[in-house]
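One letter stands for each residue in the lines below.
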Amino acid sequence: MAELALPRVDIATDGACRGNPGPGGWAAILVAGSREKILTGHAPSTTNNRMELTAALEALRALTKPADVRLETDSRYLVEGMTRWLPAWQRNGWRTADRKPVANIDLWQALAEAAAPHRIRWEWVRGHAGHPLNERADALANAAIDCLLSGEAA
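Caption draft 1: Region of the structure containing the pairing of strand β3 (residues 35-46). Pairing analysis gives 10 bridges linking strand β2 (residues 22-32) to β3, with the strands arranged antiparallel. Across the sheet, the residue bridging to Val31 is Glu36, located in β3. Adjacent in sequence and paired antiparallel, β2 and β3 are bridged by 2 residues, among which Gly33 carries a positive phi angle near 60°.

The following block contains the structure:
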């Protein structure tokens, strides 16, 4: 049987934090053909990893139908989690290999659910290395923190 053709969406995500924990911001850029959508947000006290996961989660939640997604991130934590660790965590009752509870379990569980309808290629790119969408996502995530610190809306 032929595989169902899904619409293609390219996504670049990034999370930032000033202090760890500290004020954080996240951003996602979704590109489908000639259309682009930008999502940003912030949290007053968070970690860099939580912001990286939130960026990917909110990007996937913004998709209204199943898609063929290429998600680009500079977070090895996100890529390794979604491509290597997640199946084992789920099998082990959301415990790590050394039987400790998975950190950021709420976001990992939400990401697993949000990712399920899509065909996703999780791609790691080196941060601050000239990848245009990653550079834009980084700037947007940091701008979200600036908005938080200045009292403006993200």
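Structure shown, so let's carry the discussion forward.
Caption draft 2: Structural detail: the pattern of salt bridges. Scanning the model with the defined rule gives 12 salt bridges in all. The closest approach of N and O atoms between Glu80 and Arg84, which form a salt bridge, is 2.5 Å. In this pair, Glu80 and Arg84 are both assigned in helix α2 (residues 76-91), 4 residues apart and thus about one turn of the helix distant. Glu80 sits in the partly exposed class, given a relative accessible area of 21%. Residue Asp98 pairs with Lys100 through a salt bridge whose shortest N-O separation is 3.9 Å. Via salt bridges that share partners, Arg8, Asp10, Arg70, Glu72 and Glu123 belong to a single interconnected network.

The rules behind these values
Residues numbered from 1 in each chain as written. Predicted model: local features only at pLDDT ≥ 70, side-chain atom pairs only at ≥ 80, totals over all residues. Heavy atoms only, no water. Pairing = 2+ DSSP bridges. Helix = DSSP H or I, 4+ residues; strand = E, 2+ residues; numbered from the N terminus. Salt bridge = Lys/Arg side-chain N within 4 Å of Asp/Glu carboxyl O. Buried < 20%, exposed > 50% of the residue type's maximum accessible area, 1.4 Å probe, protein only.

Keep in mind that these numbers describe shape and distance, not what the molecule does.
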